[in-house]
Amino acid sequence: MNKKLLIPLAIFIVLAGFLFAGLWRDPREVPSPLINKPAPQFALAQLNDPATKLGTVDMKGQVWLLNVWASWCVSCREEHPLLVALAQAKVVPIVGLDYKDEPGPGKTWLAQNGDPYTTSVMDRDGSVGIDYGVYGVPETFVIDKSGTIRYKQIGPITQDALEKKILPLVRELQKS
Amino acid sequence: MIPELGHFALILALLLATILGTLPIIGAQRHVRAWMALARPVAQGQFVFVVTAWVCLAYSFIVSDFSVLNVATNSNSQLPAYYRFAATWGSHEGSMLLWVLMLSIWTFAVSVRSRHLPDEMVARVLGVMGLVSVGFLLFLLLTSNPFERVFPVPAEGRDLNPLLQDPGMVAHPPMLYMGYVGFSVAFAFAIAALIGGRLDATWARWSRPWTPLAWSFLTLGIMIGSWWAYYTLGWGGWWFWDPVENASFMPWLVGTALLHSLAVTEKRGTFRNWTVLLAICAFSLSLVGTFLVRSGVLTSVHAFATDPRRGVFILTFLVIVIGGSLALYAVRAPKVGVGGRFEIISRESMLLGNNVLLIAAAGSVLLGTLYPLFLDALNLGKISVGPPYFDTVFVPLMTPLVFLMGIGPLSRWKQASVPDLWRRLRWAFAISLVTALLAPLAAPQWKPLVSFGLLLAFWIVTATFVAVRERIRNADGGLWAQIARQPRSFWGMVLAHLGIAAFVVGVTMVKGYETERDVKMNVGDTVSVANYVFRFDGVTETKGPNYRAARGSVNISRNGAYVETLYPEKRMYNAGGMPMTNAAIDSGLFGDIYVSMGEPVDGGAWIIRVYSKPFITWVWGGFVMMAIGGFLALSDRRYRVGAQRDSALPRGAAAAYGTKR
């Protein structure tokens, strides 16, 4: 048999190997430079009480989640039931960052879909989002007692990510 | 009830596909006539059931049956009827069903238009298509059932993604899939020939008409997709080297190579191993493209929700089909022989050059598309490969290709002479060179790259003109008779090559002279671009069937004289999501004026984007000419006669290869 004729097959086998490896990786997962860095400071007006501000300083001393959401965000609907369930379990406080959104639609959205947030703050012009390197909504940050970002979930939280990554990390951080 | 009927029809189609993929092929090996005879009726039965399933799904969408999960997640009762219909292929499940539908349409077409083929060939070709169909039907039924029900039934659907609510959605996917999947026919013929060990000129002639048909559909599909991106994404780009675009472009490049190589195999009996490999590759790349889009291994604007289970399924299928075919190729191809001799300067060598360049282009697109994945898999970091890579690679590959495009049609088979070619083409070359240098002087600025691009385009035009003149001068009669005497496949080639020229002109001029302004405008503000003055007259609220829109009004004048008013829109769909941009475009033969709305800024002002896109219409025009060229070649008498009756082999081929008839 002519060995040259095996070349296309060999190329394809290598290609298929890479494609298989690629299936188990998430192309959207870009390592955030913010991991293990102090969470950028903010103090923003609360969605339900614009007169009062809430910021990173208020959360110091506890492990908390910062969830970036918006009423215009379709994928947020996907993760929302998980957040609501998580809030009911009262494991960890969740602060919502209502990103590039208006208060009216934001409140309506929470009224319709349930409000899992300890507090939601308004990032109307998206400047805090920029500090956190948000490039897709939803995104979720796990922040520890000292105010350091320990994990970033890009895109909707999945049951899998919640059980295998976020919750174990939260419990571990809460112990320390 | 209707969705269950559809589901049931799919299961029956799977059963028939399984029969089609086994009995006729075994029958052809063992010479069991009754088994081979099953191929046609079973293929047609499978077609009937797949169409039934698809009609059931389309019906569920049109009547808004939200008890079907697929309808509930991808449609909405406010959606206009034509988008409800198009939403049939708006989801992952629906688009896979469209894939299967296209495959069964092609299978059906082969079963009807194959009366002149020997029984073994028909049995094998349809059998191979049946096997492909088995894979995709299994995929649908096991991982992506489009008919899944949801209880309790939601009162309203979640709506079709607003980005897809566009006339492009009605035409682009069916066209594209028709082309993509159409390469399965040439593939099936190639595999059938490899199994049967009869890889001769007859095989090329039988499979030849199917390739330009698929290729033309693919060309149109790509064009519609590109045009759609151009007017809806709001910033005037028309090709992004997005992984999914690349997934459709690679089969196109290889399909173009196949088109040319099949011609050589049919006419000269040469390139046989090569042609069969191209036929396998073209369809394999269609499958790889499907995998890339469906599995989510690459980020893309087209990606649907990802599910590794689906990815593993398609990849396994891919390995079986492509790996199996290439293994079969490695084992069987040597028996077939090389066949034919030709000199270094000959039409064969030019077409071989064409093939090599097109394959190199397809290879570099594949490399660029998968490079991020390679690096990530080897833990070398995350990168993305963008337009600069592709632009850098493409121009050097396309330049010699265009050069060959001019000479090829004028060269003799077997042996051509350089002095002779030079004598016939020197005027064409001189004229295109001079025109290319002078033409950009009419533009605001002379640019070397524009001259270079125009040289390529003019070279195609003048050399093609020489080829046409020489061809018709040798025919008898008046000019009209001389023109009519040439086969349509010749005119198809001429038109397609001129289409490339038009395309090159479009790309060159847009890249060279497009201008854009991205400005904040208050009511009454003006901005000028390319001799036009644009005045922003404010925004009014309008309502569509399922969206609200802010509609801007932009008054355009030239040298103080009113030209027209354009109305770009920013739409918010009732079902939510990001606002959508609908650009307002004044299209003309010499270019477009393009206005789109950015974001509102404080106090009634808006960010307005204004573009002048000279000659951009030539880009689409070029695509359309290529597609029409393909259809024209297909209507050639030769194919029609060939399809009716088992006509004689091309002269010389039978004698040279001793084919049994």
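Residues numbered from 1 in each chain as written. Chains lettered and ligands numbered in written order. Predicted model: local features only at pLDDT ≥ 70, side-chain atom pairs only at ≥ 80, totals over all residues.

S.K.: Would you mind showing me how to read the overall build of chain A here?
M.R.: If you tally the helices and strands in chain A, you get five helices and seven strands. Starting at the N terminus and walking to the C terminus, you meet the elements of chain A as α-β-β-β-α-β-α-β-α-β-β-α. Counting only C-alpha atoms and orienting by the principal axes, one finds that chain A spans roughly 80 × 40 × 30 Å. Within chain A, buried positions represent 35% of all 176 residues. A separation of at least 24 residues holds for 72% of the contacts in chain A among residues at least 6 apart in sequence. (Helix = DSSP H or I, 4+ residues; strand = E, 2+ residues; numbered from the N terminus. Buried ≥ 20, exposed ≤ 12 C-beta atoms within 10 Å, placed from the backbone. Contact = placed C-beta atoms within 7 Å.)

S.K.: Teacher, can you tell me more about the overall build of chain B here?
M.R.: For chain B, the count of helices and strands is 22 helices and 10 strands. At 27 Å, chain B has a C-alpha radius of gyration in line with the 26 Å of a compact globule built from 661 residues. Among the 661 residues that make up chain B, the fraction classed as buried is 51%. Partitioning the intrachain contacts of chain B with sequence separation of at least 6 by distance along the chain shows that 74% fall at a separation of at least 24. (Rg over C-alpha atoms; globule rule 2.2 N^0.38 Å.)

S.K.: How should I be thinking about the sheet that holds strand S5 (residues 119-123) of chain A in this particular structure?
M.R.: Sheet strands pair by backbone hydrogen bonding; their relative direction is either parallel or antiparallel. Residues and elements named next belong to chain A. Strands sit in the order S5-S4-S3-S6-S7 across an open sheet of five strands; the sheet is mixed. Each of the sheet's edge strands pairs with one partner strand only, and the pair in question is S5 and strand S7 (149-154). Averaged over all pairs of adjacent strands, the angle between their axes in this sheet comes to 20°, without regard to strand direction. (Pairing = 2+ DSSP bridges. Axes fitted to C-alpha atoms, helices over the stretch in contact; angles between N-to-C directions.)

S.K.: Explain the nonpolar core here, please?
M.R.: Of all hydrophobic cores here, the largest spans 205 residues; its most connected members are Phe189(B) and Val254(B). Top contributing element to this core by residue count: helix H8 (residues 167-196) of chain B, with 18 residues. Split by domain, this core shows at least three residues from each of two domains, domain 1 (1-160) and domain 2 (515-617) of chain B. Residues within four places of Phe189(B) in sequence aside, it is in contact with Val125(B), Trp203(B), Trp206(B), Ser207(B) and Ala279(B). Within the second largest apolar cluster, 34 residues are counted, among which are Leu65(A), Leu83(A), Val95(A) and Ile166(A). (Core = buried A, V, L, I, M, F, W, Y, C linked by C-beta atoms within 7 Å. Domains from an automatic or database assignment.)

S.K.: Is there a simple way to explain the domain arrangement of chain B in this structure?
M.R.: Reports often express the size of an interface as the amount of accessible area lost when the parts come together. Residue and element names in this part refer to chain B. When cut into domains, chain B gives domain 1 (1-160) and domain 2 (515-617). For domain 1 versus domain 2, the distance between C-alpha centres works out to 43 Å. With six residues of domain 1 at the contact, the number on the domain 2 side is five residues. Each residue belonging to the side of domain 1 that touches domain 2 can be placed in one class, and the counts come to two nonpolar, two polar and two charged. (Nonpolar A, V, L, I, M, F, W, Y, C, P; charged D, E, K, R; others polar.)

S.K.: Can you walk me through helix H12 (residues 272-295) of chain B in this structure?
M.R.: Because each turn of an α-helix spans 3.6 residues, side chains separated by three or four positions end up pointing in the same direction. With 24 residues, H12(B) should reach 34 Å at 1.5 Å per residue; the first-to-last C-alpha distance of 34 Å fits that figure. Across the 24 residues of H12(B), 24 count as buried, placing the element largely inside the fold. (Expected span 1.5 Å × (residues − 1).)

S.K.: I tried to follow the pairing of strand S10 (residues 606-614) of chain B on my own but got confused; where do I start?
M.R.: In the case of a regular strand, side chains alternate between the two sheet surfaces. Residues and elements named next belong to chain B. In terms of burial, S10 is largely enclosed, as eight of its nine residues are buried. As defined by bridge partners, strand S9 (residues 591-600) adjoins S10 across eight bridges and the pair is classed as antiparallel. Looking across to S10, one finds that Tyr594 is bridged to Tyr611. The hairpin turn running from S9 into S10, its antiparallel successor, is five residues long, and Gly603 in that turn takes a positive phi close to 65°.

S.K.: I keep staring at unusual backbone geometry and nothing clicks. Help me out?
M.R.: With glycine set apart, most residues show a phi of negative sign, and most peptide bonds adopt trans. Residue and element names in this part refer to chain B. Omega for the peptide link from Phe151 to Pro152 comes to -5°, which places this bond in the cis form. Along the chain, the position of Pro152 falls in the loop between helix H7 (119-143) and H8. The backbone of Asp159 shows a phi angle near 90°, a positive value even though the residue is not glycine. Positionally, Asp159 belongs in the loop between H7 and H8. Taking the C-beta count within 10 Å as the criterion, Asp159 has 25 such neighbours and is therefore assigned buried. A positive phi angle, close to 65°, is found at Lys414, a residue other than glycine. Note on placement: Lys414 falls in the loop between helix H15 (387-407) and helix H16 (418-438). Given 15 C-beta atoms within a 10 Å radius, Lys414 is considered partly exposed.

S.K.: So what exactly am I meant to see when it comes to the packing of helix H3 (residues 39-62) of chain B against helix H6 (residues 92-112) of chain B here?
M.R.: A pair of packed helices is captured by two measures, namely the crossing angle of their axes and the spacing between those axes. All names here are of chain B. The contact between H3 and H6 brings their axes to 9 Å, and the two run at 150°. With respect to H6, the element H3 is oriented roughly antiparallel. For the crossing formed where H3 meets H6, the hand is left-handed. Here Arg40, Ala43, Gln44, Gln46, Phe47, Val50, Val51, Ala53, Trp54 and Leu57 of H3 come into contact with H6, specifically with Gly94, Leu97, Val100, Leu101, Ser104, Ile105, Thr107, Phe108 and Ser111. Taken together, the residues that form the contact of H3 with H6 break down as 12 nonpolar, six polar and one charged. (Parallel < 35°, antiparallel > 145°, perpendicular 65-115°, else oblique. Left-handed = near helix turned anticlockwise from the far one by under 90°.)

S.K.: Hey, could you run me through the sheet that holds strand S8 (residues 584-588) of chain B in this one?
M.R.: Residue and element names in this part refer to chain B. The antiparallel open sheet is built from four strands, whose spatial order is S1-S10-S9-S8. At either end of the open sheet lies a strand with only one pairing partner, and these are strand S1 (515-521) and S8. Neighbour to neighbour, the strand axes of the sheet diverge by 15° on average, direction disregarded. Contacting S8, S9 and S10, helix H20 (residues 616-634) crosses the sheet at an angle of about 115° to S9.

S.K.: Got a minute to help me understand the packing of helix H1 (residues 7-23) of chain A against helix H14 (residues 347-377) of chain B in this structure?
M.R.: For the pair H1(A) and H14(B), interaxial distance at closest approach is 9 Å and the crossing angle is 75°. It follows from the interaxial angle that H1(A) and H14(B) lie roughly perpendicular. Along the contact surface, H1(A) presents Phe18(A), Ala21(A) and Gly22(A), while H14(B) presents Leu370(B), Leu373(B), Phe374(B) and Ala377(B). Among the residues forming the contact of H1(A) with H14(B), the class breakdown is six nonpolar, one polar and no charged.

S.K.: Whenever I open this one, the pairing of strand S4 (residues 94-99) of chain A confuses me. Can you help?
M.R.: Residues and elements named next belong to chain A. For S4, the buried fraction is high: six of the six residues fall into the buried class. Burial of the side chains of S4 extends over both faces: Ile94, Gly96 and Asp98 are buried on one face and Val95, Leu97 and Tyr99 on the other. Bridge analysis of strand S3 (residues 64-69) against S4 gives five bridges, and the strand direction is parallel. Paired with Val68 across the strands is Leu97, a residue of S4. Handedness of the S3-helix H2 (residues 74-89)-S4 crossover: right-handed. Pairing between S4 and S5: five bridges, direction parallel. (Right-handed = clockwise from strand over helix to strand, strands pointing away.)

S.K.: Looking at this model, I keep getting lost on the environment of Leu163(B). Mind explaining?
M.R.: Residue and element names in this part refer to chain B. Relative to the elements of secondary structure, Leu163 occurs in the loop between H7 and H8. What makes Leu163 partly exposed here is the crowd of 17 C-beta atoms within 10 Å. Along the backbone, Leu163 and Pro579 are 416 residues apart, and their C-alpha atoms lie at a distance of 9.3 Å.

S.K.: Before we go on, may I ask you to explain H6(B) in this structure?
M.R.: End to end, H6(B) covers 30 Å across 21 residues, agreeing with the expected 30 Å (1.5 Å per residue, within 8%). For H6(B), a buried count of 17 out of 21 residues is recorded, marking the element as mostly surrounded by other parts of the structure.

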